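Residue-level structure breakdown
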Amino acid sequence: VRRQHDAVPVNRRVLVEIVAHAQRDGVALAPAEQRAGNGAVDRLRHSRRAGEIHRRLADRQILFAGARSDHNSSYGTATTFRAGWVGSVGPLGLKALYGEAFQEPTPRLLYGGWTGSGSDPDLDPERSKTIELSASLTRPTVGTTISLYRVRDDDTIVSTPQGAQNLGEREV
């Protein structure tokens, strides 16, 4: 959950049943909530749909893939994907992950909160793509992890003394 309003209260008993069903059948689909924007500044309409599939490949190996589609009345529809493989070979844990993200500018960055707050109503949403490879080794007295990753951000939003602006592309 990236933002507080993305959190959805869940009945623990229902969640346990859903997880048990997903583990038994290897599939889990969870529709996301639909809601209207609120507040004096945020009069945008939002809707979300999401789904994810998990498949056990072998003992201690799981493959997953998911997609999420967000619609915003100002920015249109953005679809993001995620996929990965998580497994282990003996004491070695391995991960290969891919993910995409879409983040709308906050109302404060778009419209400001006070004079000189550095807003810009023409900001574009941020988008990013991440690839990560990871290996970990755990022993009774010590554990170690090594991760390689690459993050590519497009239209990164930064606040400067001249105002908020889209930075453009950057890689981490």
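Calculation rules
Residues numbered from 1 in each chain as written. Predicted model: local features only at pLDDT ≥ 70, side-chain atom pairs only at ≥ 80, totals over all residues. Heavy atoms only, no water. Salt bridge = Lys/Arg side-chain N within 4 Å of Asp/Glu carboxyl O. Core = buried A, V, L, I, M, F, W, Y, C linked by side-chain atoms within 4.5 Å. Buried < 20%, exposed > 50% of the residue type's maximum accessible area, 1.4 Å probe, protein only. Contact = heavy atoms within 4.5 Å. pLDDT = per-residue confidence, 0-100. Helix = DSSP H or I, 4+ residues; strand = E, 2+ residues; numbered from the N terminus.

1. What to know about the pattern of salt bridges
- For the coordinates displayed, the defined rule picks out seven salt bridges.
- Arg-68 is the salt-bridge partner of Asp-70, the closest N and O atoms lying 2.9 Å from each other.

2. Here we look at the nonpolar core
- If you look at the biggest cluster of nonpolar residues, it comprises five residues: Leu-109, Leu-110, Leu-123, Ile-157 and Ala-164.
- If near-sequence neighbours (up to four positions away) are discounted, Ile-157 is found in contact with Pro-105, Leu-109, Leu-123, Asp-124, Glu-126, Gln-165 and Asn-166.

3. Observations regarding the confidence of the model for the protein
- Confidence in the prediction of the protein, expressed as mean pLDDT, is 77, and 70% of residues score 70 or more.
- A low-confidence stretch, residues 1–10 (pLDDT under 50), is modelled with 13 contacts involving residues beyond four sequence positions or located in other chains.
- Below a pLDDT of 50 lies the segment residues 25–43, which in the model reaches 39 contacts outside its immediate sequence neighbourhood of four places, other chains included.

4. Things to note about the environment of Asp-122
- On the secondary structure map, Asp-122 appears in the loop between helix H2 (107–111) and strand S7 (126–138).
- Classification of Asp-122 as exposed rests on a relative accessible area of 64%.
- Taking C-alpha positions, Asp-122 is 9.4 Å from Asn-166, a pair spaced 44 residues apart along the chain.

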